[in-house]
Amino acid sequence: MQKLKEAILSRGKALDGGVLLVDAFLNHQVDVQLLREAGERFAAHFSAKPFSRVVTIESSGIVPAAFTALAMGLPLVIFKKQTSRILTGELLQTRVRSFTKGIDYQLTVKRDFIAPGDCLLFIDDFLASGEAAFGAIELARMAGASVDGVGIVIEKSFQPGRARLEQAGLDVLSLARIRSMSAQGIEFAD
Ligand code: G4P
């Protein structure tokens, strides 16, 4: 998606350790027009399959996932990273390791919000090693549902996430694929 690549080049910043700062348009200040277009791209690509829900992980996946759900006319379910006293009922949980942030969290969803047989479209802001996506796949499995498509705003193609998801047989659409990045510049894979 050309506009997204331009935003990455003009408003993003490559930090040490293979991390791309995108707080000017994606996860702090939010360019909603750009992300609405991202949602429409995902909807166009995935509309041939009979998805029943869009799912994402709080927090930065929510905006692109919401625009995708809106464009596809589907409900959106947000997987939580933290439980709370008011999150009651039967919960499905799986542990996810975030390598970028160096933390573990319990990915959580109420069983009521994923139905057995659901065909889920997982949308997220970044794909790095794929741990978040595999956490979502595991929660779907626990609910008797399946993740049948993955839409990613920014893929770091120099990390193993895409290869792992493709090996698992998933259709992965990334709107920008970064082959390499450093203080000298950012190169796209396509
Ligand atoms: P993985 O899911 O593909 O394995 O990725 P990893 O665990 O390494 O990273 C997950 C978290 O780190 C996600 O945020 C993701 O958005 C963020 N992340 C990964 N790479 C980058 C990057 O290059 N730049 C930025 N800005 N973020 C990155 P999260 O923990 O789910 O938090 P939130 O920001 O969504 O609340």
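Located above this text is the structure these notes cover.
A quick note: this is a predicted structure, and the numbers were derived from the prediction, not measured.

About the thresholds
Residues numbered from 1 in each chain as written. Predicted model: local features only at pLDDT ≥ 70, side-chain atom pairs only at ≥ 80, totals over all residues. Heavy atoms only, no water. Axes fitted to C-alpha atoms, helices over the stretch in contact; angles between N-to-C directions. Helix = DSSP H or I, 4+ residues; strand = E, 2+ residues; numbered from the N terminus. Parallel < 35°, antiparallel > 145°, perpendicular 65-115°, else oblique. Left-handed = near helix turned anticlockwise from the far one by under 90°. Contact = heavy atoms within 4.5 Å. Nonpolar A, V, L, I, M, F, W, Y, C, P; charged D, E, K, R; others polar. Buried < 20%, exposed > 50% of the residue type's maximum accessible area, 1.4 Å probe, protein only. Right-handed = clockwise from strand over helix to strand, strands pointing away. Pairing = 2+ DSSP bridges. Near = heavy atom within 4 Å. Polar contact = N/O pair within 3.5 Å; in protein donor to acceptor, adjacent residues only side chain to side chain. Areas by Shrake-Rupley, 256 points an atom, 1.4 Å probe, with all protein chains shown as cover. Salt bridge = Lys/Arg side-chain N within 4 Å of Asp/Glu carboxyl O.

Draft legend 1. Focus on the packing of helix 2 (residues 32–46) against helix 3 (residues 62–72). Contact pair helix 2 / helix 3: the axes reach a minimum separation of 7 Å and the direction vectors enclose 50 degrees. With respect to helix 3, the element helix 2 is oriented oblique. Like other packed secondary-structure pairs, helix 2 and helix 3 cross with a definite hand, here right-handed. Contacts from Val 32, Leu 35, Arg 36, Gly 39, Glu 40, Phe 42, Ala 43 and Phe 46 in helix 2 reach Val 63, Pro 64, Phe 67, Thr 68, Ala 71 and Met 72 in helix 3. Partitioned by chemical class, the residues of the contact of helix 2 with helix 3 number 10 nonpolar, 2 polar and 2 charged.

Draft legend 2. Main features of the pairing of strand 8 (residues 146–156). By the criterion of burial, strand 8 is predominantly enclosed, with 9 of the 11 residues buried. Note that the unit made of strand 7 (residues 119–127), helix 4 (residues 131–142) and strand 8 has a crossover that is right-handed. By the bridge criterion, 6 bridges tie strand 8 to strand 9 (residues 172–182) in an arrangement that is parallel. Looking at the pairing, Val 150 lines up with Val 172 of strand 9.

Draft legend 3. Highlighting the sheet that holds strand 10 (residues 185–188). Taken in spatial order, the 6 strands line up as 4-3-7-8-9-10 in an open sheet, and their pairing is mixed. Strands with a single pairing partner mark the edges of an open sheet, and in this sheet they are strand 4 (76–79) and strand 10. Put simply, the sheet's adjacent strands are angled 30 degrees from each other on average, direction ignored. Helix 2 contacts strand 7, strand 8 and strand 9 of the sheet and is inclined by roughly 125 degrees relative to strand 9. Most of the contacts of helix 3 go to strand 3 (residues 53–57), to which it runs at about 175 degrees, and overall it touches strand 3, strand 4, strand 7 and strand 8.

Draft legend 4. Representation of unusual backbone geometry in the model. Cis rather than trans, the peptide bond between Glu 58 and Ser 59 has omega equal to 0 degrees. Position of Ser 59 relative to the elements: it lies in the loop between strand 3 and helix 3.

Draft legend 5. Summary view of the site of the ligand. For the ligand, the set of nearby residues contains 22 residues, the closest of which are Leu 20, Ser 59, Thr 100, Ser 129 and Gly 130. Take Gly 130: an N or O atom from its main chain is 2.7 Å from an oxygen atom of the ligand. Coverage of the ligand by the protein amounts to 91% of the 710 Å² it exposes when considered alone. Looking at which element gives the most residues to the shell around the ligand, the answer is strand 7, with 3 residues. Taken together, the residues that form the shell around the ligand break down as 7 nonpolar, 8 polar and 7 charged.

Draft legend 6. Looking closely at the pattern of salt bridges. Inspection of every chain in the model, using the stated rule, returns 15 salt bridges. Across the pair Asp 118 and Arg 53 runs a salt bridge, and its minimum N-O distance is 2.4 Å. Here Asp 118, found in the loop between strand 6 (103–110) and strand 7, pairs with Arg 53, found in strand 3; they are 65 residues apart in sequence, far enough to count as distant. Between Arg 177 and Glu 155 there is a salt bridge, and its shortest N-O distance comes to 3.0 Å. Residue Arg 177 is located in strand 9, and its partner Glu 155 is located in strand 8; the two are separated by 22 residues in the primary sequence. Residue Arg 177 is classed as partly exposed on the basis of its relative accessible area, which comes to 22%. Here the salt bridges share partners, and the residues they tie into one network are Glu 155, Arg 162, Glu 166 and Arg 177.

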